[in-house]
Amino acid sequence: EEEAKLQNGGFLPCPPGPAGTALEEPLRSCRLRPAPAAASPSSSPGGKKPAALNSSILPELCDRKSGCTLESVSNNYSKVMGKFTSKMFTLKLFFFFRNFFTKRTKELKPAVQSAPGWKLFGKVPPRENLPKDSKIIQQEYEARTGRMYKPPPPSARRKNIEFEPLSTTALILEDRPANLPAKSVEEALRHRQEYDEMVAEAKKREIKEAHKRKKIMRERFKQEENIASAMVIWVNEILPNWEGMRATRRVRELWWQGLPPSVRGKVWSLAVGNELNITPELYEIFLSRAKERWKSFSETSSENDIEDAVASVADREASLELIKLDISRTFPSLYIFQKGGPYHDLLHSVLGAYTCYRPDVGYVQGMSFIAAVLILNLEEADAFIAFANLLNKPCQLAFFRVDHSMMLKYFAAFEVFFEENLPKLFLHFKSYSLTPDIYLIDWIFTLYSKSLPLDLACRVWDVFCRDGEEFLFRTGLGILRLYEDILLQMDFIHIAQFLTKLPEDITSEKLFSCIAAIQMQNSNKKWAQVFASLMKDNKEGDKNHSPALKS
């Protein structure tokens, strides 16, 4: 064979057969070689055709001029076989890769099924058994335990439940995964009962909250209708005839129900009055003075110099610098009075102008809340006029000037009506030596605007403008009456903390019903008569001197 390959150009010679058989099968790795020529006149070496060559390849081996001579065949042989072998090589590559990838895919399929798993540090052995069907697991469990599980009837399953709780408790009725033992009948019934109880409780809670929301909306709509109808009366009837109608019973009843926001600022200005005869031009004068003082503080004064000046009673205009610190703490939840807010500069101007207008009072912490409420309901100059006249009232002047003797008389008058209306709570406070100054100072300084929600504080202001300082202490008694049951269970510290920060869910209806229940009479004496009698006795005020005021 090796000799035959050498003689045939590296290919095995084709086996003998009919003419043309070897070349009709192109994938066979054999190569034609010239067969012995037959004895004929044309087989002479001088240019005769070889008899055994295939007719399909002969035209390419022979020359058109000289014919199929040995010389022409040998010259054209390498060219023809080059074409032939390139086609053979392309076909061989195609069949090789097709067979290779087919075999590779067949080898990989069983490998995927038996591929080993993985763990944190290395491989785990492959799973020999395929996952069992749930029915097989159920049968093995029943055979091992000897118990048969009967699924609940279809009617007992959940179908078209109108209400579903918004939690994962609904999973309690879901079937367990197939690879775990199924629930027993007792367990399934218990889960169903627990689920029904949870759904019922959730339903009750949702219905209760829905009724509460509807009630709140009905009350709000009713209140808005009352405000709209009251606004027409105030604008068309009362305000044009203010002096003649302000003291009538009808107006006082409307006043008690709360002023419409659109007329609130106007009614407040008329009720407070302008005894000081302040004009808008006067406000501009003191505002310019305040700006000059602020400019001088920023250029020359340090923080220590400001604190020393504030401590000096002779120059209380220096308290102007404290306004900047206090404004940022005024209604922080509204974000309108803080630096950068729409009312920050306005509040700063009103407080600064008042500090220069009344240097004997200066700026006191808590004033910013009163000025802020007025700014929300009045224009800038009108707010300053109302602010200055309001703080000129005897009660506010006594508190903001820190007149101890006058403050003690107000506290003593408050305790008289406290004992008259709430005797149990009064004795409870006495047992802990809890004096009124602990909670009343903050209420009176800010006129409840810091302690109560803003809308409720504005309603308190409505009646305060009608009744004067008496209503401030009546409101305090109403708050104590509203939370009397809670306060009776508390000690000194918890009472002080509770009254300093009242609950935010307090409503105007509940508070004003408690305020209405407070009787401001003691032995047929009203507030003004009780306070006047206390003014005559200075010694009694010294005996009831509060320890908090000493500090």
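Every residue gets a number counted from 1 within its own chain, in the order that chain's sequence is written. This being a predicted model, a pLDDT of at least 70 is required before a residue's local features are given, and a value of 80 or more before pairs of side-chain atoms are given or counted; all residues contribute to the totals for chains, interfaces and linings. Only heavy atoms go into the side-chain values, all of them from the structure, while hydrogens and water stay out.

A word on the overall build of the chain. Strands here mean DSSP runs of E at least two residues long; helices mean DSSP runs of H or I at least four residues long; both are numbered from the N terminus. A tally of helices and strands in the chain yields 27 helices and 6 strands. The 551 residues of the chain split such that 36% are buried. In what follows, residue pairs with any heavy atoms lying within 4.5 Å of each other are defined as contacts. A sequence separation of at least 24 residues applies to 66% of the contacts in the chain between residues at least 6 apart. By element, 55% of the accessible surface of the chain is carried by carbon and sulfur atoms, the whole surface being about 34,600 Å². Only protein chains enter the calculation, and the probe is 1.4 Å; a residue is then buried if its accessible area is under 20% of its type maximum, exposed if over 50%, and partly exposed in between. Calculation of accessible area relied on Shrake-Rupley with a 1.4 Å probe; when residues are assessed, cover is drawn exclusively from the protein chains displayed.

Turning to the UniProt feature "coiled-coil region" (unreviewed entry) in the chain, a few remarks are in order. UniProt positions are given in the numbering used here, feature names are shortened, and annotations may be inferred rather than shown by experiment. When the UniProt feature table is mapped to this numbering, "coiled-coil region" (unreviewed entry) covers residues 185-220. In this annotation, residues 185-220 is assigned 100% helix and 0% strand; the end-to-end C-alpha distance for the span is 52 Å.

Attention now moves to the confidence of the model for the chain. Low pLDDT marks regions whose predicted coordinates should not be analysed in detail. Across the chain, each position has a pLDDT score giving the predictor's confidence in that residue, from 0 to 100. For the chain, per-residue confidence averages 76 on the pLDDT scale, and residues scoring 70 or more make up 63% of the total. Ignoring residues within four places in sequence, the model shows residues 154-165, a span with pLDDT below 50, making 22 contacts including any to other chains. Contacts of residues 546-551 to residues separated by more than four positions or lying in other chains number 12 contacts, the stretch itself having pLDDT below 50.

Attention now moves to unusual backbone geometry. When glycine is set aside, most residues are seen to have a negative phi, and most peptide bonds are trans. Of note in the backbone geometry, Tyr335 takes a positive phi value of approximately 60 degrees without being a glycine. Residue placement: Tyr335 occurs in the loop between helix H12 (320-327) and helix H13 (344-357).

Bringing the pattern of salt bridges into the picture now. We count a salt bridge whenever a side-chain nitrogen from Lys or Arg sits within 4 Å of a carboxyl oxygen from Asp or Glu. By the definition in use, this model includes 10 salt bridges. Close ionic contact of Asp462 with Arg264 constitutes a salt bridge, the shortest N to O distance being 2.9 Å. In this pair, Asp462 is assigned in helix H20 (residues 454-467) and Arg264 in helix H9 (residues 261-272), connecting sequence segments 198 residues apart. Summarising the burial analysis for this pair, Asp462 and Arg264 share the class buried. When the shortest N-O distance is used, the salt bridge between Glu415 and Lys430 registers 3.8 Å. Placement of the pair is Glu415 in helix H17 (residues 404-421) and Lys430 in helix H18 (residues 423-431), with a sequence separation of 15 residues. Here Glu415 falls in the buried class, since its relative accessible area comes to 16%. Salt bridges sharing common partners tie together Arg252, Arg466 and Asp467.

The class of Asp462 is buried, set by a relative accessible area of 0%. Here a polar contact is taken to be a pair of N or O atoms separated by no more than 3.5 Å, where protein atoms must pair a possible hydrogen donor with a possible acceptor and residues adjacent in sequence count only if both atoms sit in side chains. Polar contacts involving the side chain of Asp462 include one to the main-chain amide nitrogen of Leu259, which spans 3.0 Å. Setting aside anything within four residues of it in sequence, one finds Asp462 in contact with Trp255, Gly258, Leu259, Arg264 and Trp268.

We now examine helix H24 (residues 508-517). Among all positions of H24, only Ser508, Leu511, Phe512, Cys514 and Ile515 are buried. Buried residues of H24 fall within an arc of 155 degrees about the axis and therefore sit on the same side. Contact partners of the buried residues in H24: helix H8 (249-256), H20 and helix H21 (469-482). Here the arc refers to the set of directions running from the helix axis out to each C-beta atom.

Packing of helix H6 (residues 185-238) against H9 leaves a shortest axis separation of 9 Å and a crossing angle of 40 degrees. With respect to each other, H6 and H9 are oriented oblique. Like other packed secondary-structure pairs, H6 and H9 cross with a definite hand, here left-handed. In this structure, H6 uses Ile227, Met231, Trp234 and Val235 to contact H9, whose residues at the interface are Pro261, Ser262, Val263 and Val267. Residue polarity follows a fixed list, in which Ala, Val, Leu, Ile, Met, Phe, Trp, Tyr, Cys and Pro are nonpolar, Asp, Glu, Lys and Arg are charged, and the others, Gly among them, are polar. Classifying every residue of the contact of H6 with H9 by side-chain character gives 7 nonpolar, 1 polar and no charged. Every axis corresponds to a line fitted to the C-alpha atoms, with the helix fit spanning only the stretch in contact, and the corresponding angles, defined between N-to-C directions, vary from 0 to 180 degrees. Oblique is the label for every angle not falling under 35 degrees (roughly parallel), over 145 degrees (roughly antiparallel), or within 65 to 115 degrees (roughly perpendicular). Should the near helix be turned anticlockwise from the far one by less than a right angle, the crossing is termed left-handed; should it be turned clockwise, right-handed.

A separate point is helix H15 (residues 380-390). The buried fraction of H15 is high, at 9 of 11 residues. Every buried residue of H15 is listed here: Ala381, Ala383, Phe384, Ile385, Ala386, Phe387, Ala388, Asn389 and Leu390.

The next subject is the packing of aromatic side chains. Only Phe, Tyr and Trp rings take part, Trp by its six-membered ring, and two of them pair if their centres are within 6.5 Å. Stacked means planes under 30 degrees apart, edge-to-face means over 60, and tilted covers everything else. One pass over the full model with this rule turns up 32 aromatic pairs. Plain terms: the ring middles of Phe399 and Phe411 are 5.9 Å apart, the flat faces sit at 80 degrees to each other, and that makes the pair edge-to-face. In this pair, Phe399 is assigned in helix H16 (residues 394-400) and Phe411 in helix H17, connecting sequence segments 12 residues apart. Ring geometry for Phe400 against Phe445: centres 5.0 Å apart, planes inclined by 85 degrees, an arrangement best described as edge-to-face. Of the two residues, Phe400 is situated in helix H16 and Phe445 in helix H19 (residues 437-446); the sequence distance between them amounts to 45 residues. Each member of the pair, Phe400 as well as Phe445, is classed as buried.

Where H13 meets H15, the axes come as close as 10 Å, and the angle between the chain directions of the two elements is 45 degrees. In this view, H13 runs oblique relative to H15, as classed from their interaxial angle. Between H13 and H15 the crossing geometry is right-handed. In this structure, H13 contributes Leu346, Ser349, Val350, Leu351, Ala353, Tyr354 and Tyr357 to the contact, and H15 contributes Glu380, Phe384, Phe387 and Ala388. For the contact of H13 with H15, the residue count by class is 9 nonpolar, 1 polar and 1 charged.

Note that patches include only residues with greater than 30% relative accessible area and no salt bridge, and the join distances are 9 Å for like charges and 5 Å for nonpolar side chains (Val, Leu, Ile, Met, Phe, Trp, Tyr). Charge counting follows a simple rule: Lys and Arg are positive, Asp and Glu are negative, and His as well as the terminal groups are ignored. By convention, charge coordinates are those of NZ in Lys, CZ in Arg, CG in Asp, or CD in Glu. Taken together, Lys208, Lys212, Lys214, Lys215, Arg218 and Lys510 make up a surface patch of like positive charges. Following the sequence through the fold, Lys208 ends up in helix H6.

This part is about the layout of surface pockets. Considered as a void within the structure, the largest pocket measures approximately 1,500 Å³ in volume. Considering the residues around the largest pocket, the lining is formed by 36 residues, among which Glu219, Gln223, Thr507, Ser508 and Glu509 are closest to the centre. Listed by contribution, the elements that provide at least two residues to the lining of the largest pocket are H6, H8, H9, H20 and H24. Per-element accounting of the lining of the largest pocket gives the leading share, 10 residues, to H6. Residue composition of the lining of the largest pocket, grouped by class: 16 nonpolar, 8 polar and 12 charged. The domain limits used here are those given by an automatic or database domain assignment. When residues of the lining of the largest pocket are assigned to domains, at least three map to each of domain 1 (186-257) and domain 3 (399-539). In the cavity and pocket records, a cavity denotes points on a 1 Å grid over the protein atoms alone where a 1.4 Å probe fits but cannot get out, a pocket denotes an open set with protein on both sides within 12 Å along at least 5 of 7 lines, and lining residues are residues with an atom within 4 Å of a point. Grid points are joined across faces, edges and corners, and a volume is the space filled by probe spheres set on the points.

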